Amino acid sequence: MADDPDLNDAYALSSKEDVKALYRTWAHSYDSGFSDGQGYQLPRAVAAAFVSAGGKGPVLDIGAGTGLVGAHLRAMNVEPIDGIDLSEDMLQVAAMKRAYRGLFARDVTQPLGLLDAPYAGIVSAGTFTLGHVGPEALRHVIDAAAPGAVVVISVNAAHFAAAGFADAFATMRAEITNFKTRDVRIYDDRAAEEHRNDMARLVSFRKA
Ligand SMILES: C[S@@+](CC[C@H](N)C(=O)[O-])C[C@H]1O[C@@H](n2cnc3c(N)ncnc32)[C@H](O)[C@@H]1O
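Note that this is a predicted model, so its numbers are computed, not measured. (Residues numbered from 1 in each chain as written. Predicted model: local features only at pLDDT ≥ 70, side-chain atom pairs only at ≥ 80, totals over all residues. Heavy atoms only, no water.)

(A) A look at the pattern of salt bridges. With the rule as written, the count across this model stands at eleven salt bridges. Salt-bridge contacts for Asp 143 lead to Arg 139; the nearest nitrogen and oxygen are separated by 3.1 Å. In this pair, Asp 143 and Arg 139 both sit in helix α7 (residues 138-144), four residues apart, roughly one turn of the helix. The partly exposed category is assigned to Asp 143, whose relative accessible area is 47%. The exposure class of Arg 139 is partly exposed, given its relative accessible area of 34%. A single salt-bridge network, built from bridges that share partners, covers Arg 139, Asp 143 and Glu 175. (Salt bridge = Lys/Arg side-chain N within 4 Å of Asp/Glu carboxyl O. Helix = DSSP H or I, 4+ residues; strand = E, 2+ residues; numbered from the N terminus. Buried < 20%, exposed > 50% of the residue type's maximum accessible area, 1.4 Å probe, protein only.)

Structure below.
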(Lines give C-alpha, C1' and ligand atoms only; values in the text may rest on other atoms or scores of the structure.)
Protein backbone atom coordinates (compact mmCIF):
# COMPACT_ATOMS: atom_id res chain seq x y z
CA MET A 1 0.00 0.00 0.00
CA ALA A 2 1.16 3.52 -0.77
CA ASP A 3 2.58 5.62 2.11
CA ASP A 4 -0.06 8.25 1.36
CA PRO A 5 -3.21 6.35 0.35
CA ASP A 6 -5.82 7.78 -1.97
CA LEU A 7 -9.38 7.18 -3.00
CA ASN A 8 -8.51 4.48 -5.49
CA ASP A 9 -6.82 2.49 -2.68
CA ALA A 10 -9.95 2.94 -0.53
CA TYR A 11 -12.40 1.85 -3.23
CA ALA A 12 -10.32 -1.30 -3.89
CA LEU A 13 -10.39 -2.66 -0.32
CA SER A 14 -11.61 -6.21 0.05
CA SER A 15 -11.22 -7.23 3.71
CA LYS A 16 -11.61 -5.70 7.15
CA GLU A 17 -7.90 -6.15 7.79
CA ASP A 18 -7.22 -4.14 4.62
CA VAL A 19 -9.62 -1.42 5.82
CA LYS A 20 -7.83 -1.14 9.15
CA ALA A 21 -4.40 -1.11 7.51
CA LEU A 22 -5.35 1.55 4.98
CA TYR A 23 -6.91 3.89 7.55
CA ARG A 24 -4.00 3.35 9.95
CA THR A 25 -1.78 4.87 7.27
CA TRP A 26 -4.32 7.48 6.17
CA ALA A 27 -5.62 8.79 9.52
CA HIS A 28 -2.93 11.47 9.99
CA SER A 29 -3.34 13.04 6.55
CA TYR A 30 -7.04 12.35 5.90
CA ASP A 31 -8.37 15.80 6.89
CA SER A 32 -5.69 17.98 5.33
CA GLY A 33 -4.59 15.84 2.40
CA PHE A 34 -7.79 14.09 1.38
CA SER A 35 -10.74 16.10 2.73
CA ASP A 36 -9.37 19.61 2.19
CA GLY A 37 -7.28 18.64 -0.83
CA GLN A 38 -10.11 16.95 -2.72
CA GLY A 39 -12.93 19.24 -1.59
CA TYR A 40 -14.72 16.39 0.22
CA GLN A 41 -18.14 17.92 0.92
CA LEU A 42 -20.21 14.86 1.85
CA PRO A 43 -19.91 15.19 5.68
CA ARG A 44 -21.41 18.68 5.58
CA ALA A 45 -24.19 17.50 3.21
CA VAL A 46 -25.10 14.60 5.52
CA ALA A 47 -25.14 16.83 8.61
CA ALA A 48 -27.26 19.49 6.87
CA ALA A 49 -29.71 16.87 5.55
CA PHE A 50 -30.04 15.42 9.05
CA VAL A 51 -30.87 18.80 10.58
CA SER A 52 -33.29 19.75 7.82
CA ALA A 53 -35.11 16.41 8.28
CA GLY A 54 -35.70 17.42 11.92
CA GLY A 55 -32.91 15.25 13.33
CA LYS A 56 -31.93 15.65 16.98
CA GLY A 57 -29.53 14.00 19.42
CA PRO A 58 -28.54 11.61 20.77
CA VAL A 59 -27.02 10.71 17.39
CA LEU A 60 -24.89 7.77 16.30
CA ASP A 61 -22.33 8.47 13.53
CA ILE A 62 -21.54 5.21 11.73
CA GLY A 63 -18.04 5.06 10.26
CA ALA A 64 -17.22 8.31 12.03
CA GLY A 65 -13.62 8.25 10.78
CA THR A 66 -11.78 11.44 11.77
CA GLY A 67 -15.02 13.02 12.97
CA LEU A 68 -15.90 15.37 10.12
CA VAL A 69 -19.66 14.70 10.36
CA GLY A 70 -19.60 15.16 14.12
CA ALA A 71 -17.81 18.50 13.79
CA HIS A 72 -20.47 19.75 11.36
CA LEU A 73 -23.30 18.48 13.57
CA ARG A 74 -21.85 20.20 16.64
CA ALA A 75 -21.57 23.45 14.67
CA MET A 76 -25.29 23.00 13.92
CA ASN A 77 -26.00 22.59 17.66
CA VAL A 78 -26.78 18.86 17.52
CA GLU A 79 -25.67 16.86 20.58
CA PRO A 80 -24.79 14.47 22.07
CA ILE A 81 -23.04 12.53 19.30
CA ASP A 82 -21.50 9.06 19.60
CA GLY A 83 -19.36 7.56 16.85
CA ILE A 84 -18.31 4.07 15.83
CA ASP A 85 -15.64 2.99 13.38
CA LEU A 86 -13.63 -0.11 12.51
CA SER A 87 -10.42 1.92 12.67
CA GLU A 88 -9.13 2.95 16.09
CA ASP A 89 -6.55 5.12 14.35
CA MET A 90 -9.29 7.19 12.70
CA LEU A 91 -11.19 7.44 15.99
CA GLN A 92 -8.09 8.82 17.72
CA VAL A 93 -8.12 11.72 15.26
CA ALA A 94 -11.88 12.16 15.78
CA ALA A 95 -11.37 12.41 19.55
CA MET A 96 -9.19 15.47 19.07
CA LYS A 97 -12.12 17.36 17.54
CA ARG A 98 -13.97 17.17 20.88
CA ALA A 99 -17.29 16.88 19.04
CA TYR A 100 -18.24 13.42 20.31
CA ARG A 101 -19.53 12.19 23.65
CA GLY A 102 -18.26 8.66 23.00
CA LEU A 103 -16.20 6.94 20.30
CA PHE A 104 -16.20 3.17 20.00
CA ALA A 105 -14.34 0.65 17.84
CA ARG A 106 -17.15 -1.38 16.25
CA ASP A 107 -17.84 -3.20 12.99
CA VAL A 108 -21.21 -2.09 11.62
CA THR A 109 -21.60 -5.35 9.70
CA GLN A 110 -21.90 -7.11 13.08
CA PRO A 111 -24.55 -6.61 15.79
CA LEU A 112 -23.49 -3.40 17.56
CA GLY A 113 -24.64 -4.39 21.01
CA LEU A 114 -24.60 -0.72 21.80
CA LEU A 115 -23.77 1.71 23.74
CA ASP A 116 -26.53 4.21 24.29
CA ALA A 117 -28.98 2.66 21.81
CA PRO A 118 -31.60 3.26 20.71
CA TYR A 119 -30.56 6.60 19.19
CA ALA A 120 -32.87 9.47 18.19
CA GLY A 121 -30.75 9.98 15.10
CA ILE A 122 -28.28 8.07 12.93
CA VAL A 123 -25.90 9.55 10.35
CA SER A 124 -23.22 8.12 8.12
CA ALA A 125 -21.00 9.67 5.43
CA GLY A 126 -18.61 7.88 3.11
CA THR A 127 -18.87 4.48 4.80
CA PHE A 128 -21.47 2.77 2.61
CA THR A 129 -19.12 2.89 -0.35
CA LEU A 130 -17.05 0.75 -2.69
CA GLY A 131 -14.64 -1.52 -0.83
CA HIS A 132 -16.27 -0.70 2.53
CA VAL A 133 -19.78 -1.51 3.79
CA GLY A 134 -22.70 -3.01 1.86
CA PRO A 135 -26.44 -3.30 2.49
CA GLU A 136 -25.96 -6.18 4.95
CA ALA A 137 -25.19 -3.58 7.62
CA LEU A 138 -28.56 -1.80 7.28
CA ARG A 139 -30.12 -4.29 9.72
CA HIS A 140 -27.77 -3.00 12.45
CA VAL A 141 -28.55 0.63 11.55
CA ILE A 142 -32.26 0.02 12.02
CA ASP A 143 -31.68 -1.89 15.26
CA ALA A 144 -29.70 1.03 16.74
CA ALA A 145 -32.49 3.54 15.97
CA ALA A 146 -35.36 4.47 18.29
CA PRO A 147 -38.92 4.53 16.91
CA GLY A 148 -39.30 7.84 15.02
CA ALA A 149 -35.51 8.32 14.74
CA VAL A 150 -34.21 10.32 11.77
CA VAL A 151 -31.65 8.39 9.72
CA VAL A 152 -29.47 10.01 7.01
CA ILE A 153 -26.80 7.92 5.34
CA SER A 154 -24.82 8.46 2.17
CA VAL A 155 -24.35 5.58 -0.23
CA ASN A 156 -21.88 5.92 -3.10
CA ALA A 157 -24.15 5.97 -6.17
CA ALA A 158 -22.20 3.32 -8.10
CA HIS A 159 -22.18 1.11 -5.00
CA PHE A 160 -25.94 1.69 -4.49
CA ALA A 161 -26.64 0.14 -7.87
CA ALA A 162 -24.00 -2.60 -7.82
CA ALA A 163 -24.53 -3.86 -4.27
CA GLY A 164 -28.33 -4.06 -4.29
CA PHE A 165 -29.25 -1.24 -1.90
CA ALA A 166 -32.62 -0.66 -3.63
CA ASP A 167 -33.73 -4.24 -2.88
CA ALA A 168 -32.40 -4.01 0.69
CA PHE A 169 -34.40 -0.85 1.40
CA ALA A 170 -37.47 -2.42 -0.23
CA THR A 171 -37.34 -5.35 2.20
CA MET A 172 -37.30 -2.88 5.11
CA ARG A 173 -40.37 -1.00 3.91
CA ALA A 174 -42.51 -1.98 6.93
CA GLU A 175 -39.85 -0.67 9.34
CA ILE A 176 -39.27 2.77 7.83
CA THR A 177 -41.29 5.85 6.83
CA ASN A 178 -40.58 9.11 4.96
CA PHE A 179 -38.06 7.33 2.73
CA LYS A 180 -36.36 9.84 0.41
CA THR A 181 -33.24 9.91 -1.71
CA ARG A 182 -31.29 12.79 -3.24
CA ASP A 183 -28.09 12.60 -5.27
CA VAL A 184 -25.23 14.95 -4.37
CA ARG A 185 -21.65 15.44 -5.53
CA ILE A 186 -19.15 13.91 -3.10
CA TYR A 187 -16.34 16.35 -3.97
CA ASP A 188 -16.09 19.88 -5.29
CA ASP A 189 -13.94 21.08 -8.16
CA ARG A 190 -10.70 20.56 -6.21
CA ALA A 191 -11.02 16.79 -6.73
CA ALA A 192 -8.88 14.87 -9.16
CA GLU A 193 -10.61 14.80 -12.52
CA GLU A 194 -11.45 11.08 -12.38
CA HIS A 195 -13.49 11.59 -9.18
CA ARG A 196 -14.70 15.18 -9.60
CA ASN A 197 -18.23 14.13 -10.51
CA ASP A 198 -18.55 11.07 -8.24
CA MET A 199 -22.05 11.03 -6.74
CA ALA A 200 -23.53 9.80 -3.49
CA ARG A 201 -27.16 9.02 -2.83
CA LEU A 202 -28.29 10.66 0.41
CA VAL A 203 -30.87 8.28 1.85
CA SER A 204 -33.10 9.65 4.58
CA PHE A 205 -35.96 8.04 6.46
CA ARG A 206 -37.55 7.70 9.86
CA LYS A 207 -37.72 4.45 11.73
CA ALA A 208 -41.41 3.51 12.00
C1 LIG B 1 -14.16 7.31 3.75
S2 LIG B 1 -14.10 7.10 5.49
C3 LIG B 1 -15.43 8.20 6.00
C4 LIG B 1 -15.19 8.73 7.37
C5 LIG B 1 -16.10 9.89 7.77
N6 LIG B 1 -17.48 9.47 7.95
C7 LIG B 1 -16.03 10.97 6.73
O8 LIG B 1 -17.01 11.19 6.01
O9 LIG B 1 -14.95 11.57 6.62
C10 LIG B 1 -14.84 5.50 5.73
C11 LIG B 1 -14.77 5.03 7.19
O12 LIG B 1 -15.53 3.80 7.29
C13 LIG B 1 -14.89 3.00 8.23
N14 LIG B 1 -15.33 1.61 8.06
C15 LIG B 1 -15.09 0.77 7.03
N16 LIG B 1 -15.66 -0.41 7.22
C17 LIG B 1 -16.31 -0.33 8.43
C18 LIG B 1 -17.09 -1.25 9.20
N19 LIG B 1 -17.33 -2.51 8.76
N20 LIG B 1 -17.58 -0.83 10.39
C21 LIG B 1 -17.35 0.43 10.84
N22 LIG B 1 -16.61 1.34 10.15
C23 LIG B 1 -16.10 0.97 8.96
C24 LIG B 1 -13.41 3.21 7.93
O25 LIG B 1 -12.58 2.77 8.98
C26 LIG B 1 -13.38 4.71 7.66
O27 LIG B 1 -13.09 5.45 8.81
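(B) Layout of the environment of Lys 56. Its location among the elements puts Lys 56 in the loop between α4 (42-52) and β1 (59-62). Owing to a relative accessible area of 56%, Lys 56 belongs among the exposed residues under this scheme. Residues contacting Lys 56, with those up to four places away along its chain left out, are Phe 50, Val 78, Ala 120 and Gly 121. (Contact = heavy atoms within 4.5 Å.)

(C) Seen up close, the site of the ligand. Contacts to the ligand come from 22 residues, most closely from Tyr 30, Tyr 40, Gly 63, Asp 85 and Ala 125. Here Tyr 40 contributes a side-chain N or O atom positioned 2.7 Å from an oxygen atom of the ligand. Residue Gly 63 places a main-chain N or O atom 2.7 Å away from a nitrogen atom belonging to the ligand. Against a free-state accessible area of 590 Å², the protein chains account for coverage of 97% of the ligand. Top element by residues in the shell around the ligand is strand β4 (residues 119-128). It accounts for three residues. (Near = heavy atom within 4 Å. Polar contact = N/O pair within 3.5 Å; in protein donor to acceptor, adjacent residues only side chain to side chain. Areas by Shrake-Rupley, 256 points an atom, 1.4 Å probe, with all protein chains shown as cover.)

(D) Fine view of helix α3 (residues 30-38). Those residues of α3 not exposed but buried are Tyr 30, Asp 31, Phe 34 and Ser 35. With its buried residues spanning 110 degrees around the axis, α3 presents them on a single face. Residues of α3 that are buried make contact with α1 (7-11), α2 (16-26), α5 (68-75) and α6 (88-96). At the exit of α3 stands Gly 39, carrying a positive phi of roughly 60 degrees. (Arc of directions from axis to C-beta.)

(E) Expanded view of the nonpolar core. Grouped together as the largest cluster of nonpolar side chains are 41 residues, with contacts concentrated most on Tyr 23, Tyr 30, Tyr 40, Leu 42, Phe 50, Leu 73 and Tyr 187. Among the elements that make up this core, the one with the highest residue count is α4 (six residues). Those residues within four positions of Tyr 30 in sequence are excluded, and the remaining contacts are Tyr 23, Ser 35, Tyr 40, Thr 66, Leu 68 and Met 90. Judged by nonpolar contacts, the second largest core, of 27 residues, contains Tyr 119, Ile 122, Ile 142 and Ala 145. (Core = buried A, V, L, I, M, F, W, Y, C linked by side-chain atoms within 4.5 Å.)

(F) Summary view of the sheet that holds β1. Read across the open sheet, the seven strands follow the order β3-β2-β1-β4-β5-β7-β6; overall the sheet is mixed. For this open sheet the edge positions go to β3 (102-105) and β6 (176-185), each flanked by a neighbour on one side alone. Each adjacent strand pair in this sheet contributes to an overall mean axis angle of 15 degrees, direction not counted. This element, α4, spans β1, β4, β5 (145-156), β6 and β7 (199-207) of the sheet and lies at about 155 degrees to β4. (Pairing = 2+ DSSP bridges. Axes fitted to C-alpha atoms, helices over the stretch in contact; angles between N-to-C directions.)

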